[in-house]
Amino acid sequence: MLLRKGEVHSRLKDNDNISFSKEVAETLGIESAIILEFCKSKRINFSNNINDLVFLIKKEFPFIDSNIAELSINKLVGYKLITNSDNVKKTSNYRIQSPAQNNTYKTKIDPSWMPSKEALEILKMSQVSEEFHQNKLREFKLYWQERGQERNNWNTSFIDYIRREWAKDQSSNKGLPFSINSDWVPSEDVYDILELSDISKESSLKYLSEFILYWKENGSAFSTWNSKFIEHVKRRHIGNQRIDHEENKKHIEPGKYSKDFSSRKSDSSWASEIKFE
């Protein structure tokens, strides 16, 4: 379907449900993933005037801001995930150009490792300055070299790390203590550390709500929320394991008698309440 200027097709609303790629959402953002899947499912290309597609996206998805929609479309065009009418090809290309990685086996990070060209392009599109991620590269490699962990997605890990650090750098807190809020989530490194203690991410998330609720009501401000969450999860997880162990012992271990066999044999107190008529 080719959108002409000012033209909107009402039949695009014949299905209110839309699903999108987790990989695209993690790489380019949720809005980009929604727009990509929408264009893909409806076979949409657009004219050189990007406002036509922004208008349609805004009408179909009112919760997406117009400026964000325009930025998302430009990202998708930059990665050739959608095309304008001057560059339409016979075969559409909807494959996400994610950072190159080896999916066959895991490796430790090498001292000479460098992020791929695709990873750097994604950071550039995320408006992270080149100087910033270059300065953080050595820190990233040193951290993972000391941990000695093997992965098959070092590019993705680097992107996630730089985005978190960039967000911290751009925030008003700048590493200063702050009070926790309902939207707080631990960094991915937290789950890596907990997994070293055999606590899965799924198990960790069970304790997140109670952690946030406690500290919201407490009102304290810290800059070490990730560390505090790790301590909380470990403490709660070990406590639950101990409770489960004690419960299992009750069902498995035989009960202990308070009297010896002879005393129990001659004890007739059990029949004292029986009345014979």
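What you are looking at is a predicted structure, and each value in this text was computed from that prediction instead of being measured.

What counts as what
- Residues numbered from 1 in each chain as written.
- Predicted model: local features only at pLDDT ≥ 70, side-chain atom pairs only at ≥ 80, totals over all residues.
- Heavy atoms only, no water.
- Helix = DSSP H or I, 4+ residues; strand = E, 2+ residues; numbered from the N terminus.
- Contact = heavy atoms within 4.5 Å.
- Areas by Shrake-Rupley, 256 points an atom, 1.4 Å probe, with all protein chains shown as cover.
- Core = buried A, V, L, I, M, F, W, Y, C linked by side-chain atoms within 4.5 Å.
- Buried < 20%, exposed > 50% of the residue type's maximum accessible area, 1.4 Å probe, protein only.
- Axes fitted to C-alpha atoms, helices over the stretch in contact; angles between N-to-C directions.
- Parallel < 35°, antiparallel > 145°, perpendicular 65-115°, else oblique.
- Left-handed = near helix turned anticlockwise from the far one by under 90°.
- Nonpolar A, V, L, I, M, F, W, Y, C, P; charged D, E, K, R; others polar.
- Salt bridge = Lys/Arg side-chain N within 4 Å of Asp/Glu carboxyl O.
- Phe/Tyr/Trp six-rings, centres within 6.5 Å; stacked < 30°, edge-to-face > 60°.
- Expected span 1.5 Å × (residues − 1).

Trainee: Please give an account of the overall build of the protein that cites residues and values.
Mentor: A count of helices and strands for the protein gives 12 helices and six strands. Restricting to contacts in the protein with at least 6 residues of sequence separation, those with at least 24 account for 70%. Accessible surface, the protein as shown: approximately 18,900 Å² in total, 49% of it carbon and sulfur.

Trainee: A description of the nonpolar core should follow, citing residues and the corresponding values.
Mentor: Core analysis: the biggest nonpolar cluster contains 35 residues, and Ile57 and Phe140 have the highest contact counts within it. Secondary-structure elements contributing two or more residues to this core are α2 (30-42), α3 (51-60), α4 (66-78), α5 (117-125), α6 (130-147) and α7 (154-170). For this core, the element with the most residues is α7, which contributes six residues. Once residues within four sequence positions are removed from consideration, Ile57 is found in contact with Ile35, Phe38, Ile64 and Ala69. Core analysis: the second largest hydrophobic core is formed by 14 residues, Tyr207, Phe211, Trp215 and Val233 among them.

Trainee: Describe the packing of α5 against α7, naming the residues involved and giving the relevant values.
Mentor: Two quantities define a packed helix pair, namely the angle between the axes and the distance from one axis to the other. It is the contact of α5 with α7, at a shortest axis distance of 10 Å, that shows an interaxial angle of 20°. The orientation of α5 relative to α7 falls into the category roughly parallel. As for how α5 packs across α7, the hand of that crossing is right-handed. Where α5 approaches α7, its residues Ala119, Ile122 and Leu123 are matched on the opposing element by Asn155, Phe158, Ile159, Ile162 and Arg163. When grouped by side-chain class, the residues that make up the contact of α5 with α7 number six nonpolar, one polar and one charged.

Trainee: Which residues make up the pattern of salt bridges, and what values go with them?
Mentor: Two side chains of opposite charge can pair, provided their charged atoms sit close to one another. What the rule picks out here adds up to six salt bridges. We note a salt bridge from Arg236 to Glu210, for which the minimum N-O separation is 2.6 Å. Of this pair, Arg236 sits in helix α11 (residues 225-252) while Glu210 sits in helix α10 (residues 208-218), and the two are 26 residues apart along the sequence. In this structure Glu210 comes out as partly exposed when scored by relative accessible area, which is 29%. One network of salt bridges, in which partners are shared, links Lys136, Glu139 and Glu165.

Trainee: Tell me about the packing of aromatic side chains, and name the residues and values.
Mentor: The geometry of two aromatic rings is summed up by the distance between their centres and the angle between their planes. Scanning the entire structure with this criterion turns up 19 aromatic pairs. Between the aromatic rings of Phe132 and Trp166, the centroid separation amounts to 5.0 Å while the plane-to-plane angle is 75°, which identifies the pairing as edge-to-face. Here Phe132 is found in helix α6, whereas its partner Trp166 is found in helix α7, with 34 residues between them in sequence. For the pair formed by Phe132 and Trp166, the shared burial category is buried. Connected via pairs of aromatic rings, a cluster forms that spans Phe178, Trp184, Phe211, Tyr214, Trp215, Phe222, Trp225 and Phe229.

Trainee: Tell me about α7, and name the residues and values.
Mentor: Taking 1.5 Å as the rise per residue, α7 with 17 residues should run 24 Å; its terminal C-alpha atoms sit 24 Å apart, in good agreement. Turning to α7, its buried residues are Trp154, Asn155, Ser157, Phe158, Ile159, Tyr161, Ile162, Glu165 and Trp166. In the core, the buried residues of α7 are packed alongside β3 (107-108), α5, α6 and β4 (150-151).

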